Amino acid sequence: MKDLKHLFYFENLLQEANNELVQQAKKEGKLAIGYTCFHMPEVLLNVDNCFSLRMRAPRTGSLEIATYYMSNYTCEYCRALLERAVEGGYNFLDGIAAVDACAQMNRSMENILVQKLIPGDKFFMSHVDVPYKVTEHGVEHQAEQIRTKVFKKLEENYGVDTSDDAIRKAVEEHNKICRIITEIGEYRKEENPRITGYEFHILNLVTYVCPKYLILDRLQETLEEIRNREPDEKKNYRARVVIAGSEIDDPDFTKLVEEAGALVVADRFCFGSFPGRQEIHIGEEEDALKAVCRRYMEDSQCARYMSHEKIQARRDFVRKLYEDYHADGIIYEQLKFCDYWGYERALVSHIMQEEYELPVLSVDRPYRVGSSGQMRTRIQAFVERMEIKKIQNQRGGALHG
């Protein structure tokens, strides 16, 4: 297929947390608010002159300093953020909207705060308490937490407008991005998709780490390009997979999977497009803050939610992606030492295979995995297993007929 015009530009933006568009927005007087988790509604960090920035640590090397403070039995993503903060990699942030979602991330954020790793008299960090159940009381609780621990700081420290109108305007801008990413994602359902999983990962991830108003035009142009793009005559994959699990901000993982022969057609991992890139609709009479909080809590696929309804919904959601995107298998992945997804992956990968009778590969991985020969071998073996299953199904159908 013909290369996408802006793909190389987008790839370069992902090489640094403080990329050129972040720097441009800062020069224009915008406020950079970092966050790490879907439990912190991204759209609420884009009110007025703020822009949200999904925190990541591209090109991570040694984690020695962070390991000293957090031990080597904690999530590498959490340690990578602390390591990057020690290096001064987040000094441009005006605030971090953190949530009490997992103990390991709490320790990472606590170290950043206690050690005063990010300078600035007005810099703040929130610790929003997230309910474990989706109830009306829980929605009201989260809305109040954001109002008192995030919005109040933005108002007092920087004079930010956090009104109902400001939230609705942020939602409108958010929905523009969502419509583009959703339409691009629909092309992944094609028998011979006109976009690869790696390309989609790049485009989607850019929307999390750059000021949205500075990438909208290029994304729209890319969408037009994809609408008219002709796929290669010959399929460049041997099987189609859905990836589900914990945080992935490393497109090289998707590239590794696809180089092993498995086209990634849907991404149900933290900060993928499911959930996160679906439009938000707010009724005229609704309180905008509560409506947004309710939407994020209801849509969340996080393994932190342990109610029976949420557990079953997660399984059904992944199976629906498997069916809608015509996948041949599912890869369940987790970052090493991730508490929530460690339990989830072990149980659900077994259930999906034994009860749902779907081909599943279950893996844990380091934060950066692009060059892992062992991971490549496991995925190649999974591709062969899916191919064998398809041949067996075809033979069974022929014999039945």
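Residues numbered from 1 in each chain as written. Predicted model: local features only at pLDDT ≥ 70, side-chain atom pairs only at ≥ 80, totals over all residues. Heavy atoms only, no water.

## Some words on the overall build of the protein
Phase 1: If you tally the helices and strands in the protein, you get 14 helices and eight strands.
Phase 2: By the compact-globule yardstick of 21 Å for 401 residues, the protein fits well, its C-alpha radius of gyration being 21 Å.
Phase 3: Here the protein, with 401 residues, has 56% of them falling under the buried criterion.
Phase 4: A sequence separation of at least 24 residues applies to 76% of the contacts in the protein between residues at least 6 apart.
Phase 5: Surface summary for the protein: the accessible area is close to 17,700 Å², and the carbon and sulfur share equals 48%.
Phase 6: Positive and negative side-chain charges in the protein, numbering 55 and 66 respectively, have mean positions lying 2 Å apart. (Helix = DSSP H or I, 4+ residues; strand = E, 2+ residues; numbered from the N terminus. Rg over C-alpha atoms; globule rule 2.2 N^0.38 Å. Buried < 20%, exposed > 50% of the residue type's maximum accessible area, 1.4 Å probe, protein only. Contact = heavy atoms within 4.5 Å. Areas by Shrake-Rupley, 256 points an atom, 1.4 Å probe, with all protein chains shown as cover. Lys, Arg positive; Asp, Glu negative; His and termini not counted. Charge placed at Lys NZ, Arg CZ, Asp CG, Glu CD.)

## Focus on the environment of arginine 179
Phase 1: Residue placement: arginine 179 occurs in helix H7 (residues 164–186).
Phase 2: Accessibility expressed as a relative area gives 41% for arginine 179, which makes it partly exposed.
Phase 3: Put simply, arginine 179 and glutamine 220 are 41 residues apart on the chain and 9.9 Å apart in space, counted from C-alpha to C-alpha.
Phase 4: A distance of 2.9 Å separates the side chain of arginine 179 from the side chain of glutamate 279, its partner in a polar contact. (Polar contact = N/O pair within 3.5 Å; in protein donor to acceptor, adjacent residues only side chain to side chain.)

## Topic: the sheet that holds strand S8 (residues 360–365)
Phase 1: Within the open sheet, the four strands sit side by side as S6-S5-S7-S8. Their pairing is parallel. Each edge of the sheet is formed by a strand with only one pairing partner; in this case those strands are strand S6 (262–269) and S8. Here the strands of the sheet are splayed against their neighbours by 25 degrees on average, with no regard to which way each runs.
Phase 2: As defined by bridge partners, strand S5 (residues 239–245) adjoins S6 across seven bridges and the pair is classed as parallel. Considered in S6, the bridge of glycine 245 is made with phenylalanine 269. (Pairing = 2+ DSSP bridges. Axes fitted to C-alpha atoms, helices over the stretch in contact; angles between N-to-C directions.)

## Some thoughts on helix H13 (residues 339–354)
Phase 1: Spanning 16 residues, H13 covers 23 Å between terminal C-alpha atoms, matching the ideal 22 Å at 1.5 Å per step.
Phase 2: Every buried residue of H13 is listed here: Trp341, Glu344, Arg345, Val348, Ser349, Ile351 and Met352. (Expected span 1.5 Å × (residues − 1).)

## Quick notes on the environment of phenylalanine 200
Phase 1: Its place among the elements puts phenylalanine 200 in helix H8 (residues 197–209).
Phase 2: Sequence separation of phenylalanine 200 and lysine 152 is 48 residues, and the distance between their C-alpha atoms is 36 Å.
Phase 3: Ignoring anything within four residues of it in the chain, the contact list for phenylalanine 200 reads Ile181, Ile184, Gly185, Arg188, Ile195, Asp267 and Ser273.

## Let's talk about the nonpolar core
Phase 1: In this structure, Leu44, Tyr90, Leu93, Ile96, Met109, Val150 and Ile167 are the most contacted members of the largest nonpolar core, which totals 98 residues.
Phase 2: Those residues in contact with leucine 93 that lie beyond four places of it in its chain are Ala32, Ile33, Gly34, Leu53, Met55, Ile118 and Phe123. (Core = buried A, V, L, I, M, F, W, Y, C linked by side-chain atoms within 4.5 Å.)

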